[in-house]
Structure formats: C-alpha cells, structure tokens
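# Structural overview
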Amino acid sequence: MKQFHHLYIDGKWVEPSGEETRTLIDPTSEEPWATVTSGAGGDDVDRAVAAAKHAFPSFSTSSIDERVALIDRIIAAYERRDAELSQLIAQEVGVPVSFKAQVTGPAGHMKVARDLIAAYAFDQQLADTIVRREPIGVCALISPWNWPIQTSVIKVIYGIAAGCTMVLKPSDASPASGVALAEVMDEAGVPPGVFNLVIGRGSVVGEALSSHPDVDMVSFTGSTVAGARVGQSAAQTVKRVCLELGGKSANIVLTDGDLEKAARWNIQRGFSNTGQSCHSPSRLLVHESQVEDILPFLEDEIARMRVGDPRDPATTHGPLVHAQQFKSVQNHIDVGLEEGGRLVVGGPGRVDGFDRGFFCRPTVLADVTPEMTLAKEEIFGPVLVVMPYQSEAEALDIANDSIFGLGGYVFSEDRRRGYEFACGLRAGRISFNGANTNSLTPMGGYKQSGIGRSMGVFGLEEYLEVKSIYGFDEEAHALPSL
C-alpha cells in the first residue's frame, strides 16, 4: 500500500494538522492501493496561504526571463516522469495509458505559457497613461479528477507565468496526482511558498481556501453545484473567481453533413476518457429523416472500442472513476429507458466479461426529446442520446435549450452554413467537422458552465490585475517593465 500522508507547504513536505486518513480504491480491481491524508483543515490552509503570501512580493517582481527559466525547469522535471504519471492516473482514476493526451498535453500547455509571457505586453501606452498588468496575488487552485494532471498544470503554470503564488487543492478522487505534481515542482526548484499543496476534503479545505481573506483569486474546475458554492464563499471577500463547470454539449449534424464521419467522431470524442469530460458531445442532433441512417455507424464505432485494464496499452476505454460515479451513470441509463428512450446499444450493467471494476457499458439511446432527463443533465459517462430535429431553427433551439454552454459541435459540407450555425450556438468552444482545439485558444463556457477563461492569453489575464498610471508619455518606453 502506498501512502500519501504529507502536504507540501513553503517548499517542504509537512505533516497535516489532523491524523485522519482514507483509503484509495483502484477502479479496475476495486481493491485498496493507497492511503491518503484527509486530516488537513483550516490551520493547514492558513499555513499554506501564509507561505504563498510571504513569497508573493519577491516572486511577483521576478523578471520574465527568470519565470521562463523556471517554467523550462518544470517542463524538464515533468517530462522525465511522464511514463510514471501515466501509470499513476491509470491506477488512481482509470485513465488508459493509451490516452496519451492526459499526460503529454500538460507539457504542451506549459510551453505555450512560457512562450506567451516572453512576447506579452505587460505594459501598454494609452495617450499619457501607462496601463500595466500585474500579478493578482495569492491564488487558490481547485482541480478535478477527470483530467487530474492537465487541469492542475494549466492552473499552476499560468499562475506562475503571471507572477502569482498559489495553493493547489487536488480533487478528493485524485490526490496522488496532486502529490506527483508537487514532487515535479519541488524537483524543478520552484521557490519556497510559490507553490503549495493541501490535500483534504472539499467541504473543509476547498471552503477554507475559497473564503480565505488572504486569497486574491480562486480558479475552480468541477461541477456546477460545487462551483456555485465556491463562488458564494469567494464573494464574502470579493475575490476574483474563474470557474469551469458542467456541460451538456450538442453535436449538430446538418442535413448535408457527413453522417458516418459525424457518428464515428462523436463516439471517439464523446466516449474518450470513458465519457468523463465536461466538453463531451453527449447530445447528437440529427434530422428526423436521417436518424436511422446514422445509428449503424454509432454501433459499429462502439464495437471497435477495447474496454479493459487501463494499464494495458491495447485498452482504449477504462472504468469509471469510482463506485459513486458508476451508480450515477447506471441510474441515468435506467431513467432514460423509463422515460421512453430507445436502446440502440449498451444498457444497464457492467461490460460483459467483467465481474469487478466500474466498467460501464457504452450506451446509445435514440428517440430522446428535449424534456427528458438525459437531454438536460450531465451524465459524465459513456452515454450518448440521439435527438431528432425537423428544421435547422429547431436544432439550434434544442442545442441552446440548456443551462450549460461549454462546448458545441457542427457537421456540414458547407463551410459558410456551418459557420453561421456555429455563431448561433451559445457556448464557449465550437468545433466544425471534428476540428481539434488548441492550447493557444481560450477555454470556458457560457451560462452555468462557468465564469472566465483558461489557456492562452485569455487564461494568463485571469491571473493579472490592471493598473493605470497617468502622467507618463514620452519617457514611458524607457521605464522598467515586469
């Protein structure tokens, strides 16, 4: 049994204030594999925030060259451990080692942040005024379990790029990934207090961070319900919040769209990470005359999936993260059938051949209408609903009829038609004909999918304050900058 019983505060591994621990369960075998501290409390948060606050004056005035060099050291330390990290998240949350983006992606995000600050204009001249962007201060970073390394890395690296100091709280379901990232930061020589790690219950540690008077900004990724609580706590001290929350993204296949391409891409994208992705295209909207034509492609693509042990390189899809998530997905499938959904493939229960592990059957339900539960709620598992529409106007209404607005997807052979439809979608990221996203562009959502943006210049600016200094014109170009 591995043990993760320490916090990382002010450049040192330290004991938490409480002695309570809990057991981590391997989602593949359902066997215990590690114990982790759950004894951290408000006193530990105070220690970590105090360390970050103490480090801020020095680190916030570090030069761009110094921060670029630091990020380079973090990248090097991270890349030396990528194989180990793949094995870790396979055991901790069931992510297949074949899903390389989970571990290779973070290094790419770090390189984008490094290159961005090397060229970013922290000072700008407007008339006789210098407009400066300065680090916002101490940041509380609360990350999810479904992308346990990448989401944490994006938060941390843009905070460092901006000159902020921080306290990271990993998800209760993926604390070992947070420990691994802290080890990377320690190996890279991040100055004491710049990065701190506190492990503990969200209701205790997360609440204490969100409401802490010395925290200047909170970046949270997780459910909309939890995000609302973070926002309420942060409002007590009027701190900035950046929230990436739930999604119920629609993939709309216009009548001239390639049905086979749209279907296969929807399964590949929507069921990757076992469907546990906030941007997952979990609603497939197809013209009523084409529904029966697209279903065989969905079935065939699911048949190509290889469900199994996530540590096996041949596995494409692993288990759900834990028993609670498995039960939730099963309940959603049951509700979908009870409300009149037509089972196309999959259904309740484990994948055939597995008597242990949280292996949910990849499921497609057709004949789903907007008022059904599965058309509204985020399922967070390998479940797709196929919804018919009669006109493009109706398709747009169905797609936008959601409290969420994180992602959207459009398939059409007519680029102008597809672009005009994409412009009508009320969501933060839209992909046309399965185009890949990239780490230069902002990520975030409309409506109850969140506030603010991460990644790229938009993500950097979440960690910066804006200051106007009047009375400087000709000499402005000669003044020192960050």
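Residues numbered from 1 in each chain as written. Predicted model: local features only at pLDDT ≥ 70, side-chain atom pairs only at ≥ 80, totals over all residues. Heavy atoms only, no water.

### A look at the environment of Lys327
What counts is decided by this rule: Put simply, DSSP H or I for four residues or longer makes a helix, DSSP E for two residues or longer makes a strand, and each gets a number counted from the N terminus.
For Lys327, the position within the fold is in helix H11 (residues 323–338). Distance from Lys327 to Asn146, taken between C-alpha atoms, is 17 Å for residues 181 residues apart in sequence.

### Here's the deal with empty space enclosed by the protein
Think of a ball as big as a water molecule: rolled over the atoms, this probe shows where empty space is left. The following threshold applies: Buriedness for pockets is judged along seven lines, at least five of which must meet protein on both sides within 12 Å for an open set on the 1 Å grid over protein atoms alone, while cavities are sets there where a 1.4 Å probe fits but cannot get out, and lining residues have an atom within 4 Å of a point. Grid points are joined across faces, edges and corners, and a volume is the space filled by probe spheres set on the points. Amino acid classes used here: Ala, Val, Leu, Ile, Met, Phe, Trp, Tyr, Cys and Pro are nonpolar; Asp, Glu, Lys and Arg are charged; the rest, including Gly, are polar.
In this structure the tally under the stated criterion is eight cavities of 30 Å³ or more. Quantified by volume, the largest cavity comes out at close to 160 Å³. Lining the largest cavity are 20 residues, and of these Lys155, Ser219, Cys242, Arg453 and Ser454 lie nearest its centre. For the lining of the largest cavity, the secondary-structure elements that each account for two or more residues are helix H5 (150–162), strand E11 (217–221) and strand E12 (240–244). Residue classes in the lining of the largest cavity are distributed as nine nonpolar, seven polar and four charged. Along the walls of the second largest cavity sit 17 residues, with Arg283, Ala399, Gly407, Arg426 and Ala427 positioned nearest its centre. Counting only elements with at least two residues in the lining of the second largest cavity, the list comes to strand E13 (249–253), helix H13 (392–400), strand E18 (404–405) and strand E19 (407–411). Considering every element that reaches the lining of the second largest cavity, the biggest residue donor is E13, with three residues. Of the residues belonging to the lining of the second largest cavity, the class tally is seven nonpolar, six polar and four charged.

### Looking at the nonpolar core
Basically, it comes down to this: For our purposes a nonpolar core is just a set of buried Ala, Val, Leu, Ile, Met, Phe, Trp, Tyr and Cys residues, chained together by side-chain atoms within 4.5 Å. Each residue is assigned to one of three classes by its accessible area relative to the maximum for its type, calculated with a 1.4 Å probe on protein chains only: buried under 20%, partly exposed between the two thresholds, exposed over 50%. Only heavy atoms enter the contact rule, under which two residues are in contact if any of them lie within 4.5 Å.
Counting residues in each nonpolar core, the largest one holds 94 residues, and the members touching the most others are Ile74, Ile160 and Phe195. Phe195 has contacts with Tyr8, Val156, Met166, Leu168, Ala182, Met185 and Val190, leaving out every residue within four places of it along the chain. Membership of the second largest hydrophobic core comes to 27 residues, among which are Leu320, Val368, Val383 and Val385.

### Examining the pairing of E12
Heads up, the condition is: DSSP bridges decide pairing: two strands pair if at least two such bridges lie between them. Here a crossover is taken to be right-handed if, once the strands point away from the viewer, the path from the first strand over the helix to the second is traced clockwise.
In terms of burial, E12 is largely enclosed, as four of its five residues are buried. Pairing analysis gives five bridges linking E11 to E12, with the strands arranged parallel. Paired with Thr221 across the bridge in E12 is Glu244. Handedness of the E11-helix H8 (residues 224–235)-E12 crossover: right-handed. Examined bridge by bridge, E12 and strand E22 (residues 450–451) share two bridges and lie antiparallel to one another. Its bridge partner lying in E22, Leu243 is registered against Ile451.

### Focus on the sheet that holds E19
Operational definition: Between N-to-C directions, angles span 0 to 180 degrees; the directions come from axes that are lines fitted to C-alpha atoms, helices contributing only their stretch in contact.
Taken in spatial order, the seven strands line up as E15-E16-E17-E14-E13-E19-E20 in an open sheet, and their pairing is mixed. The sheet is open, and its two edges are formed by strand E15 (342–345) and strand E20 (429–432), each paired on a single side. The mean angle between the axes of side-by-side strands here comes to 25°, regardless of whether they run parallel or antiparallel. Inspection of the sheet shows E19 paired to E20 by four bridges, in the parallel sense. For Val410, the partnering residue across the bridge sits in E20 and is Phe432. The strands touched by H11 within the sheet are E15, strand E16 (363–366) and strand E17 (383–389), with E16 carrying the most contacts at an inclination of about 25°.

### Some thoughts on unusual backbone geometry
Backbone geometry at Val238 places phi at a positive 50°, although glycine is not the residue there. On the secondary structure map, Val238 appears in the loop between H8 and E12. At Asn273, a residue that is not glycine, the phi angle is positive and equals roughly 60°. Within the element layout of this structure, Asn273 appears in the loop between helix H9 (259–270) and strand E14 (281–287).

### Concerning the sheet that holds strand E1 (residues 2–4)
Spatial ordering of the open sheet is given by E1-E5-E4, a layout of three strands whose pairing is mixed. Of all strands in the sheet, those bounded by a partner on one side alone are E1 and strand E4 (21–25). Pairwise comparison of adjacent strand axes, ignoring direction, gives a mean angle of 25° for this sheet. Across five bridges, the pairing between E4 and strand E5 (residues 32–37) is antiparallel. Bridged to Ile25 within E5 is Pro32. Sitting on the sheet, helix H3 (residues 82–93) is in contact with E1, E4 and E5, with an inclination near 95° to E5.

### Focus on the packing of aromatic side chains
The following threshold applies: Note on aromatic pairs: the rings of Phe, Tyr and Trp (six-membered ring only in Trp) are paired at centre separations within 6.5 Å, and the planes decide the class, stacked below 30 degrees, edge-to-face beyond 60, tilted for the rest. By the criterion adopted, a ring carries a charge over it if an Arg CZ or a Lys NZ lies within 6 Å of its centre and within 35 degrees of its normal.
The final tally for this structure, using the stated rule, is ten aromatic pairs. Ring centres of Phe4 and Trp33 lie 6.1 Å apart, and the angle between their planes is 65°; on these two criteria the pair is classed as edge-to-face. You can see Phe4 sitting in strand E1 and its partner Trp33 sitting in strand E5, a full 29 residues away along the chain. These aromatic residues form a ring-pair network of at least three members: Tyr8, Trp13 and Phe195. We note Arg350 situated over the ring of Phe326; from NZ or CZ to the ring centre the distance is 5.8 Å.

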